[in-house]
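Chain and residue survey
For reference, the chains in residue letters:
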Amino acid sequence: MRLVLSSVVLTWLLQVAQPLCSYGASHAVEEMRIAGREYARLSDWAKKNDFTVHWTRRDEALELSSSAARVLLQIHSPEAQLDGVAVRLLFPLIQQGETVWISLLDLKTTFEPLLFPPRLKPGAQLKSICLDPGHGGKDPGNQVGSSQEKKLTLLLSQELQAQLKRAGWKVSLTRTRDNFVELPSRPEIARHRNADLFISVHFNSIAASANSVKGAEVYCLTPAGAPSTNAGGDDAGAGWFAGNRYNDQNMFLAYELQKNLTRKVPTDDRGVHRARFWVLRDAVMPAVLIEAGFLSNPTEGRKIASPAYRRQLASAIVDGLSAYRSSMERGL
Ligand SMILES: [Zn+2]
C-alpha cells in the first residue's frame, strides 16, 4: 500500500497545522501539530544530530548525511533508506513552503533506534532464540503449485537452528513437525522458554505481478498510534501491546536482519515494515517476523525450494542476529 497525500488533503492538513513548543534545550527543534499528529522540522532535527541535509531532487527527494549514516527521504512518501537499506516510515514527509516536516513518531521509533542503537544493561547477554516456523498442520500458509509455506518455514527454521547453535546460541522452535499451533500460543512458548529473542519465519505470495514481485521484508510491531503497513491505514490509533515495550530493539533487530538478508542474498530489498501481527503483539521479548521471499515468483520460488538457497538465507539471518547481539552487548 502506498500512502499518497493528495493536494486537497495536504492543503487541509496545512490549514489545521498548529505550532508547538520545541524540545531540546541547546538545539531547538521546532514542532508542529498537523491534523492532530506531531511533526518536527527536519532541518532542526538534522542540525541537532550533526546531519547535513540537501535536496537530491528539488521538492522531491532529500539526503541527510553524517560521518555515521546516510538517510534518503522522499516528500509525501513513506519510503526511506538508511545506509542503502529500505525502511518504511510510519507517516509520509510533509513539505510546507521551504520547510519539510517529519513525524515525531518516526524520529523516535524509526530513525533514533537505528542511529543511536539501544544497549543492554552492563553484564546482560543475549543467549537464546525462539524460532517460529510459520503455519503448520491444518494451516498450510501460502500454497503455490505443490509448494507449501508451512513445509518451507520448518525447513528454513531447522537450518537456522543448526547454524545458530554453531554460532553459540541456545535455540528452540515453536513447532518441530507439521502440527498446528495457535497464533497466541507461539509467543507464549517463547516466554515459557525464557527466550531472549523471537523470530517468526514466513514466505510470501502475491497473485498479481507474480513474475516481477520478489524479495525479502522484515516486520516489527507497529508503535501505538501509527498505522501498520499492511492495514491500509485503517488501524491508525490502535493501542499499545506488550510487544511495544521493545519498540527500539524490535526496530534495530528488524533492520539488522533486513540489511544482512539483502546484502548477502541475491534478493530484492522490500524493506523494514510494521504490522500488528498476533505473534508480534504479545511477545515479551524483542520480536520480528521475516518474510524471506516470494513463493509466487517462479524464480524465487524455485530457489526457496533448494537447500543451498535456504542455507544462504539462514547464514544471512545468523549474521544479522550476530550483528544485533554484538551491538547490544557493546556496553559490556
Ligand atoms: Zn506466512
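What you see is a predicted model, and the numbers here were worked out from it, not measured in a lab. (Residues numbered from 1 in each chain as written. Predicted model: local features only at pLDDT ≥ 70, side-chain atom pairs only at ≥ 80, totals over all residues. Heavy atoms only, no water.)

**Some remarks on the overall build of the chain**
Here is the rule we go by: Only DSSP runs of H or I with at least four residues qualify as helices, and only runs of E with at least two residues qualify as strands; both kinds are numbered from the N terminus onward. Contacts are residue-level and defined by heavy atoms, with any inter-residue pair within 4.5 Å sufficient. We get accessible surface area from the Shrake-Rupley algorithm with a probe of 1.4 Å; when it comes to residues, only the shown protein chains can shield them.
Tallying secondary structure elements over the chain gives 9 helices and 18 strands in all. Considering only contacts in the chain between residues 6 or more positions apart, those separated by 24 or more positions represent 67%. Taken as a whole, the chain presents about 14500 Å² of accessible surface, with 50% of it coming from carbon and sulfur.

**Some words on the coordination of the zinc ion**
In plain terms, the rule: For Na, K and Ca the donor cutoff is 3.2 Å, while for all other metals N, O and S atoms count as donors only within 2.8 Å; water does not appear among the atoms, so some sites may look incomplete. Between buried and exposed lies partly exposed: a residue is buried under 20% and exposed over 50% of the maximum accessible area for its type, with that area taken using a 1.4 Å probe on protein chains only.
Bound to the zinc ion are the protein donor atoms His135 (NE2), Glu149 (OE) and His202 (ND1), situated 2.1 to 2.2 Å from the metal. Along the chain, the residues donating to the zinc ion fall in the pattern H-x13-E-x52-H. A residue pair is termed long-range when its members are at least 10 positions apart, and Glu149 in helix H4 (residues 149-166) and His202 in strand S15 (residues 197-204) qualify at 53 residues. Judged by relative accessible area, Glu149 falls into the buried class, the value being 1%.

**Things to note about the pairing of strand S3 (residues 37-41)**
Just so we agree on the cut-off: When DSSP locates at least two bridges between a pair of strands, those strands are taken to pair.
Alignment of strand S2 (residues 29-34) against S3, held across 4 bridges, turns out to be antiparallel. For Met32, the partnering residue across the bridge sits in S3 and is Tyr39. If you look at the hairpin formed by S2 and S3, you'll find 2 residues sitting between the two strands, and Ala35 has a positive phi there, around 50 degrees. Looking at chain direction, S3 and strand S10 (residues 99-103) are connected through 3 bridges and run antiparallel. Residue pairing across strands places Arg41 opposite Trp101, the latter belonging to S10.

**Points about the packing of aromatic side chains**
This is how it is decided: A pair of Phe, Tyr and Trp rings is counted when the ring centres sit within 6.5 Å of each other, with Trp represented by its six-membered ring. The angle between the planes then sorts it: under 30 degrees is stacked, over 60 is edge-to-face, the rest tilted. We call a charge positioned above a ring when the Lys NZ or Arg CZ atom is no farther than 6 Å from the ring centre and deviates by at most 35 degrees from the ring normal.
A complete count under the given rule lists 3 aromatic pairs for this structure. Seen from the ring of Trp278, Arg281 lies directly overhead, with NZ or CZ sitting 4.5 Å from the centre.

**Points about the pattern of salt bridges**
It is possible for side chains bearing opposite charge to pair when their charged atoms get close. As a reminder of what qualifies: A pairing counts as a salt bridge when a side-chain nitrogen of Lys or Arg comes within 4 Å of a carboxyl oxygen of Asp or Glu.
The final tally for this structure, using the stated rule, is 15 salt bridges. One salt bridge connects Arg58 with Asp59, and the closest N-O pair in it is separated by 3.6 Å. Of the residues examined, Arg58 reaches a relative accessible area of 48% and is grouped as partly exposed. On the accessibility criterion, Asp59 (38% relative accessible area) is partly exposed. Ionic pairing is found between Asp319 and Lys264, a salt bridge with its closest N-O pair at 3.1 Å. Residue Asp319 is found in helix H9 (residues 307-328), and its partner Lys264 is found in helix H6 (residues 247-264); the two are separated by 55 residues along the sequence.

**Re the pairing of strand S16 (residues 216-221)**
Burial runs high along S16: 6 of the 6 residues are buried. As paired elements, S16 and strand S18 (residues 287-294) share 3 bridges and run antiparallel to each other. The partner of Tyr219 across the bridge, within S18, is Leu289.

**Topic: the nonpolar core**
Generally speaking, a soluble globular protein has its nonpolar side chains buried in company with each other. This is how the line gets drawn: Each nonpolar core is a collection of buried residues, namely Ala, Val, Leu, Ile, Met, Phe, Trp, Tyr and Cys, held together in the definition by side-chain atoms within 4.5 Å.
Leu73, Leu164, Ile199, Leu257 and Leu321 are the most contacted members of the largest nonpolar core, which has 67 residues in total. Beyond its immediate chain neighbours, meaning those up to four positions away, Leu73 contacts Leu42, Glu60, Ala61, Leu62, Leu64, Glu79, Ala80, Leu89, Leu93 and Phe111. Among the nonpolar cores identified, the runner-up in size contains 13 residues, and Cys130, Tyr219, Leu221 and Ala283 belong to it.

**Structural notes on the confidence of the model for the chain**
Our working rule: pLDDT is a per-residue confidence score from the predictor, ranging from 0 to 100.
With 89% of its residues at a pLDDT of 70 or more, the chain shows a mean pLDDT of 91. Residue range residues 1-12 is modelled with pLDDT below 50. Its contacts to residues more than four positions away, or to other chains, number 17 contacts.

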